[in-house]
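Coordinates in review
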Amino acid sequence: VTPPKAGPAAGTVDEDWGTAANHPINRDASTFKFIGQPMPVLEDRRFVRGRGNYVNDLQLPRMLHLAVLSSTVAHARLLSVDVSAAEKSPGVVAVLTGADLAAMMDPIPQELAIQAVRWYPLAVGKIRLAGEWVAAVAAETRAAAEDACELIEVEYEELPPVVDPELALLPDSPVLHEEYGSNVVWEKQNTWGDVDGDIAASDHVFEYKFRWGRHSGVPMETFGAVASVSPAGILDLWASHQNPGIQQETMKVLRLPSARVHMDLDVGGSFGSKRGRKQMYLAAAAAMVTGRPVKFIEDRIENMQAGDGHGPDRTFRVRVGVSDGGIVNAMDIQVVEDLGAYCGRGPRQITKAISAVSGPYKIKSMRYGGYGVLTCKSNQVPFRGSGQSPHNWCLERTMDHLARDIGLDRLELRRRNYIQADEFPYEICSGAMYDSGDYQQTLALAVEKADLPALLEMQRAARAEGRLIGIGLAGAVEPSGGSVTGGPEGARVEVDARGHVVVTLGFQSCGQAHESMVTVLVCEELGVEPWQVTVERGHGLDGIVGGAPTGSRMTLMLGAAVKMGTDKVIEKLRRIAAHNLEARFADIVFERGRAYVAGDPATALTLPQLARKAYGGRGDIPPDMEPGLVEDSVYAGPKKVVRVEGNRGFPSYAFDFHIPVVEVDPETFDIKFLKYLVVHDCGTVINPLVVHGFVYGGIAHGIGGAMYELFDYDDQGQLMSASFMDYLIPTVAEIPHVELHEMSTPSPLHPYGAKGAAEGPYLTTPAAIASAVEDALSPLGLEVNRVPITPDLLFRLTRAAASPTVAAS
Amino acid sequence: MKAPRFELRIAGSLDEAIRILGQADGEGKVLAGGQSLVPLLNFRLARPEVLVDLNRLTELQGIRETGGELRIGAMTRQRQVERSALVARAVPLLCEALPLVAHGPIRNRGTIGGSLAHADPSAELCAASLALDARIVARGPNGERVIAAAEFFIGPFTTQLEPDEILTEVIFPFQAADGGSAIVEFARRRGDFAMAGVAAVLETGPGNQVAKARLSYIGVGTQPFRSLAAEETLTGGTPGDALFAEAAAAAAAGLHPGTDMHASGEYRRHLAEVLTRRALAVAYDRSTKKGTQ
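Figured I'd write up the structure that's included with this text. On a predicted model such as this, the values are computed, not experimentally measured, just so you know.

1. Thoughts on the packing of helix α18 (residues 688-708) of chain A against helix α19 (residues 760-776) of chain A
Residues and elements named next belong to chain A. At their nearest, the axes of α18 and α19 sit 7 Å apart, and the two run at 45° to each other. The angle between the axes of α18 and α19 places the two elements in the oblique class. When you trace α18 past α19, the crossing you get is right-handed. Contacts between α18 and α19 involve Phe 694, Val 695, Gly 698, Ile 699, His 701, Gly 702, Ile 703, Ala 706 and Met 707 on the former and, on the latter, Pro 761, Tyr 762, Thr 765, Pro 766 and Ile 769. For the contact of α18 with α19, the per-class residue count stands at 10 nonpolar, 4 polar and no charged.

What follows is the structure in structure tokens.
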């Protein structure tokens, strides 16, 4: 690996760029027996048979059920909450209000440590969004709890709702958190290079505005938690969450000496949005108050209105300078991000973009900044890419518009600005370091496989008949392996006396097939078969270090931790073999589950033989060896770390390129897919079935965000899409067949050369679809500047174009 | 999302069901397939004291052919009607409408009578019953009466049924020999409530004039309804693009659909006009191809 070549330095570099010697790629991919093979996903067996173990499956003796009363108004002072009638309702054990919680717990920690923005599971003193939880009832059944909720009398003093983030910015706007005094909680400018000078010196300068609609990863199982206090005073918590690190926070917030957060649960697809802190703390508080186990499962409306699970909601204003030759010199991106009612964890969705702020492009200087604003809406959560999808959408929209405005082919503009394959590792202007990639080749393969000339010919012929057909072109880099977003990752690798392997993980099953991934790696390294591997999950008090499945990190982080564990086990096995074969340690080879003296593979000790000795008598192992084969490992990520605005750079960057083809009905504005092609490069693929699942799922998710899904609020701050009747998730009927082709540029920084894959196609799809629809509408001269792209939007655009006096809103 | 407390009464006979409903004194609701009512209960938007379950009443199930008419028991599952060869032959519009109703698992439970009694302005079956000039049979303490579909729907989710009456059967006339029909709708996703839709029945008379036309609408009004203006425009006219466009414009002129997050009223009216043209063209095409299929 050569030192970085291009781009100005930025941020602070903590350590040297890692070298291949620090993190050798394990071995030639052609020697892999398990890695890269399509092994059926182990988790699927239980899921497709309906045998998953979700939080709502958990039943504890004497368990109570929680229901919450939701605010009917978006913004109000809470004058009184009278729970006396509810307390007398049949089956009710306790009723909690915000005042009760404020007396027994700390405010929930948020991304921005603003003291005056206090956040509790139940509203304290004020209502800041329609649907905010006002009181909670613990009763013998959920129905009894809901009955009692209807008896709670709440007196509101209504305040003007704060709905439009651009208005919320203004000094005369009503303020959600009066003690803080403003709705603006994030206001920053990051400038890399002489942006203004470079723009001024450019041959052409253009300005664009884009609007990304609020949607998210919406789970089938809403957020749920079961809490129980053990006789020893330890809080036991089971929840459909994805953050094992929550254990530390739970003890602090609830002022408890100890807590176990049990991870032997199936969360389902987490997508970053399974982080219901207030739900967990509310259930825990109810368990502490009643002395009985408490289950809280949000219903769909509670989840959608106030479950803190919404994704980015962003306006982009772009100023870009480009040369006559189509070289993008400088770009200034200003965002207004509508964070919802509390800081929550939303601001991270603005700043993550810094890790790939210029996407796959070489842009000399950039500015990225703006405002994070609080409004009367649900809190955000960093979901699938943590804001990278809207950011990439903005970059790719900008490139399409630029191509049109300077009269250059969309592909050619991309080719001229892409980072070249021989320029990696490449430091982009923000200081983030891209490890490897071949964007030109990925694009070329997509064009070849899609037979672009034939598509263009088909489009020409169809246009002559009045049909509207569009070809979308978009790519995205996927920053992956987040090493600080989830902390280090650990695993315990244990070989038992039979030579079977148990690996214990410090986090839940969240839909990314980690059990399958770990099994493949263990089989590859230790030479066992999949049936001999068991993957277990911890509970936080067992010493297993668990981060979280965020930032496409698990194959990188956990995969490396498992490799460290198997390496330690193998070293011990080699020492035992040396002892028994009366050979030097250095001469012992361990290969495919057998240890032998180099040059004499016939005289080998097998893994079961060695394992029996490891747990056997004194003479079976070297005198200075501790018996047993249990190894804990924690992987902290590659050495090179760039910090920019509190965000660390990512160790690897995957890439994909999409070519969808759509047809728009010129009368109904229905959008149909004629084709969807993707070329995907995430380095070494551990299990293609898992990666293909990520690709198909990511595209489906991207289609949702691009065309269907929207948390839409009216001007009173009421969520209009609070159930699956109005929040439209594309189903199998709306998803086209996806033609998938693979490339592989392995990461030089990972033991297996793997990169992240779980976010990727979602980062690209909305950009590709916007590109395709805009291309389809180009005979009408229409622009696509917002998602979701709905038939209603296209109708409005055509009407506005037909009568220029009516501006499209 | 748990229903408030209610009393569930499982009726063993139609007479018993009518008796229980009468005793509930206006606070009772009939449970058919439950595909609309149960969500309403769980959302606590409907709060009946008594639910009268008709699911054991085999006397309300089945598809019969009598004298050029199809009689479908109110508790016949939508899926059974959808798959009936008899229905496909005699009343093809009904078979074309049913796959547009939600999704398969919902149609496995949902009933013909339940959908009509619920009277959702977005329901395909309500529109189909209007376009097909169906007759609805209801029974109450004072006996049986037959109500024309055109008179049955009187407001949003409101029908001619009295609180103590039960819808027992729906009668569909066979499609005329020189008739054609079509139902076309536009929904965001397969199975969603449509943003707009239209059911069309055309009968041509001697000289290829339109003898009879019925057009009913989905999702663009406050109740299921027909466009009499469009039907009048069509009757006596010569079928073709010009006539269909004129009829569609006449229909659209009478529509004042509301706006929601998915579609503006203006867009819904535009869709209704486009879909009217398309439905009429298909219905006419089918009427001219009679006997060749």
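So that's the structure; there's more coming.
2. Digging into the packing of aromatic side chains
All names here are of chain A. Considering all chains together, one arrives at 21 aromatic pairs over all chains under this definition. Ring centres of Tyr 361 and Tyr 418 lie 5.4 Å apart, and the angle between their planes is 25°; on these two criteria the pair is classed as stacked. Taken together, the positions of Tyr 361 in the loop between α10 (348-351) and β16 (365-374) and Tyr 418 in the loop between α12 (410-417) and β17 (426-427) put the pair 57 residues apart, joining distant regions of the chain. The class for Tyr 361 is buried, based on a relative accessible area of 1%.

3. What to know about helix α13 (residues 439-450) of chain A
Residue and element names in this part refer to chain A. Between the first and last C-alpha of α13 there are 16 Å, a value that for 12 residues agrees with the 16 Å anticipated at 1.5 Å per step. Within α13, burial applies to Tyr 439, Gln 440, Thr 442, Leu 443, Leu 445, Ala 446, Val 447 and Ala 450. One or two steps after α13, the chain reaches Asp 451, where phi turns positive at roughly 50°.

4. Points about the sheet that holds strand β11 (residues 179-186) of chain B
All names here are of chain B. The 4 strands lie next to each other as β11-β12-β13-β14, forming an open sheet whose pairing is antiparallel. Every interior strand has two partners, whereas the edge strands, β11 and β14 (225-226), have only one. Relative to strand β13 (residues 210-218), strand β12 (residues 196-204) runs antiparallel, the two being bridged by 8 bridges. The residue of β13 that forms the bridge with Glu 203 is Lys 212. Taken strand by strand, helix α12 (residues 265-288) contacts β11, β12 and β13, and its axis lies near 150° from that of β11.

5. Remarks on the interface of chain A and chain B
Listed per partner, the contact involves 34 residues of chain A and 24 residues of chain B. Surface buried jointly by chain A and chain B totals about 2,500 Å² across both partners, of which 54% is contributed by carbon and sulfur atoms. Scanning the region where chain A abuts chain B turns up 7 salt bridges. Across the salt bridge formed by Arg 44 of chain B and Asp 147 of chain A, the nearest N and O atoms sit 2.8 Å from each other.

6. Structural notes on the sheet that holds strand β23 (residues 533-537) of chain A
All names here are of chain A. One open sheet holds the 4 strands; their spatial order is β23-β22-β21-β27, and the pairing between them is mixed. Here the strands that pair on one side only, and so sit at the sheet edges, are β23 and β27 (630-635). Averaged over neighbouring strand pairs, the angle between their axes works out to 20° when direction is ignored. The strands touched by helix α15 (residues 514-526) within the sheet are β21 (489-495), β22 (501-505) and β23, with β23 carrying the most contacts at an inclination of about 135°.

Parameters at a glance
Residues numbered from 1 in each chain as written. Chains lettered and ligands numbered in written order. Predicted model: local features only at pLDDT ≥ 70, side-chain atom pairs only at ≥ 80, totals over all residues. Heavy atoms only, no water. Axes fitted to C-alpha atoms, helices over the stretch in contact; angles between N-to-C directions. Helix = DSSP H or I, 4+ residues; strand = E, 2+ residues; numbered from the N terminus. Parallel < 35°, antiparallel > 145°, perpendicular 65-115°, else oblique. Left-handed = near helix turned anticlockwise from the far one by under 90°. Contact = heavy atoms within 4.5 Å. Nonpolar A, V, L, I, M, F, W, Y, C, P; charged D, E, K, R; others polar. Phe/Tyr/Trp six-rings, centres within 6.5 Å; stacked < 30°, edge-to-face > 60°. Buried < 20%, exposed > 50% of the residue type's maximum accessible area, 1.4 Å probe, protein only. Expected span 1.5 Å × (residues − 1). Pairing = 2+ DSSP bridges. Buried area = accessible area lost by both parts, 1.4 Å probe. Salt bridge = Lys/Arg side-chain N within 4 Å of Asp/Glu carboxyl O.

These figures capture arrangement, not role.
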